[in-house]
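Structural overview for review
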Amino acid sequence: MGHDAFRELPAVSRLLAHPRTERLLVRFNREYVVQGCRDILDELRRVITQGRAVDPAELQDEAILTRLESRLTTAGDARLQRVVNATGTVLHTNLGRALLPQAAVDAVLQAATQPVNLEYDLVQGQRGRREEIVEDLLMRLTGAEAATVVNNNAAAVLLALNTMAYGKDVIVSRGELIEIGGAFRIPEIMARSGVVLKEVGTTNRTHLSDYEEAITERTALLLKVHTSNYRIVGFVAEVVLADLVALGRTHGIPVMEDLGSGALVDLSRYGLPKEPLVGDSIAVGADIVTFSGDKVLGGPQAGLVAGRTDRVSAISRNPLHRALRCGKLTIAALEATLRLYLESASIADDIPALRALTRPLADIEDVARRALPALASALGPGFRVSVQDATSQTGSGALPTDEIPTKAIVIEHDFLGAHRIAGRFRQAHPPIIGRIRDDWFLLDARTIWDPLDLVPNWTDELEGPAPPRP
Ligand SMILES: *Cc1c(COP(=O)(O)O)cnc(C)c1O
């Protein structure tokens, strides 16, 4: 039987000559199609060798070509795909953080498809610097004398330390030696930037005298790091930036603050917890402030640097700046986003991150309630869905302990656990990412605008919600 089955398999050349394959060859290159044929024939041979029963129809040219067509077209499906963010974390690092404002999307599209004056001075007709486009905007928005931009905030910290303190000591409080998700650790980034970490104080309390006593002739920088993803509460003491600046001035040592999720506007005026303002750190006298472009700022991934002219220009001239520079798509998106802060009548509407954070509770509840009927029927028997009070988070380390009231759909099942339900939702098209709280599976509607986004679409019966028969 095996021997006969082998003989029934077509040759690759016969498959290639088939009119259906010719149609594939208009779209795909020949090697890709040939490899697809070989892979399928190999798979069939393996099945035959293992002596498993093969349906003779599967060995027909037509069946193999059908397999080939679906293989080639789905293999082309991008790994990076749309998902529905129902986690309630607005700036979810694993889901790409901030969604860009429409103006930024338009700017990216133009820069991606047309030549642009990225590094070209239109007045002089000569080479310019790409960062200039956003530097002026950053200066106006933060009150800083100078500014620059690199690929992300981790790069900004690395570059600033390397520029200001290479081979020298940098003093940091032990309470600020943070780790951010994705392997960003202050001690490690300091080591890689070539500076020597001098930690002072204790985990919960650091005093100005701790910094003062650690200063020597090798000290090049006083560093303050915003403990963006956690808070120490209780018996705590930290030195405020103003005091650190005063100490630095006395000893002629610059002060840098890594804000992480620095805000450009006071978020408390939208009823949100107050996130440190970049402008405040500049006003207090920090020599350098670093922050992210895609956290509460709501723009593209970028590391923004604002501060004093002499420090910023040294950072811009560091050869590492060239290695860490932004691409044109980032510059385009960042310019458009920053301009909104200066020009928009309503940034809470125009910047999606702020729009989601400032969304009225009634709006969120309305979306959740409207999703219920379709959701219940997509899930079928055994499931219960209801809208309940929950809390959203800003995400990306911003405002870690401050939770924002929201409305979420709670999905329960007679015997399926929350993790199983979450897994099924991840298999939907597009995948729906919810959150588990106290063994309940939740879909937070804060970042959902179309109720149908919360209704899973399972193309394959096997992917559906029905549990296997006991
Ligand atoms: C997020 C964060 C970083 C890293 O910023 P990326 O833009 O993710 O590179 C650095 N420091 C602090 C304090 C942060 O919160």
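As the structure is a computational prediction, the values presented were derived from the model and not from experiment.

**What about unusual backbone geometry?**
- In this chain, His429 is followed by Pro430 through a cis amide linkage whose omega measures -5 degrees.
- Along the chain, Pro430 falls in the loop between helix H19 (418–426) and strand E15 (432–433).
- A positive phi angle, near 50 degrees, is found at Asp438, a position not held by glycine.
- Here Asp438 lies in the loop between strand E16 (435–437) and strand E17 (440–444).
- The backbone of Asp439 sits at a positive phi, close to 65 degrees, despite the residue not being glycine.
- Counting through the fold element by element, Asp439 comes out in the loop between E16 and E17.

**Examining the nonpolar core**
- Membership of the largest hydrophobic core comes to 54 residues, with the highest contact counts inside it found for Val149, Leu264, Phe291, Leu304, Leu338 and Tyr341.
- It is helix H15 (residues 328–343) that contributes the most residues to this core, five residues altogether.
- Both domain 2 (84–92 + 358–463) and domain 3 (102–350) contribute no fewer than three residues apiece to this core.
- Ignoring any residue separated from it by four or fewer positions in sequence, one finds Phe291 in contact with Leu138, Thr142, Asn153, Leu259, Gly260, Gly262, Leu264, Val278, Leu297, Ala302, Gly303 and Leu304.
- Of all hydrophobic cores here, the second largest spans 30 residues; its members include Val150, Ala155, Ala220 and Met256.

**Regarding the pairing of strand E12 (residues 303–307)**
- The buried fraction of E12 is high, at five of five residues.
- Burial along E12 is two-sided: Gly303, Val305 and Gly307 facing one way and Leu304 and Ala306 facing the other are all buried.
- In this sheet, E12 lies alongside strand E4 (residues 146–150) in antiparallel orientation, the contact comprising five bridges. The residue of E12 that forms the bridge with Val149 is Leu304.

Thresholds, definitions, all that
Think of each chain on its own: its residues are numbered from 1, step by step along the sequence as written. Per-residue local features of the predicted model are confined to residues with pLDDT of at least 70, and side-chain atom pairs are confined, for both listing and counting, to 80 or more; whole-chain, interface and lining totals are unaffected and use all residues. Note: side-chain values were computed over all heavy atoms of the structure, leaving out hydrogens and water. Labels follow the DSSP assignment, with helices taken as runs of H or I lasting at least four residues and strands as runs of E lasting at least two, numbered in each case from the N terminus. Only buried residues count toward a nonpolar core, which is a set of Ala, Val, Leu, Ile, Met, Phe, Trp, Tyr and Cys residues joined through side-chain atoms within 4.5 Å. Residue burial is assigned from relative accessible area. The probe radius is 1.4 Å, only protein chains are included, and a residue is buried under 20% of its type maximum, exposed over 50%, and partly exposed in between. Marked domain ranges trace back to an automatic or database domain assignment. Pairs of residues are marked as contacts when any of their non-hydrogen atoms sit within 4.5 Å. Strand pairing is defined by DSSP finding a minimum of two bridges between the two strands.

Keep in mind these numbers describe shape, not what the thing actually does.
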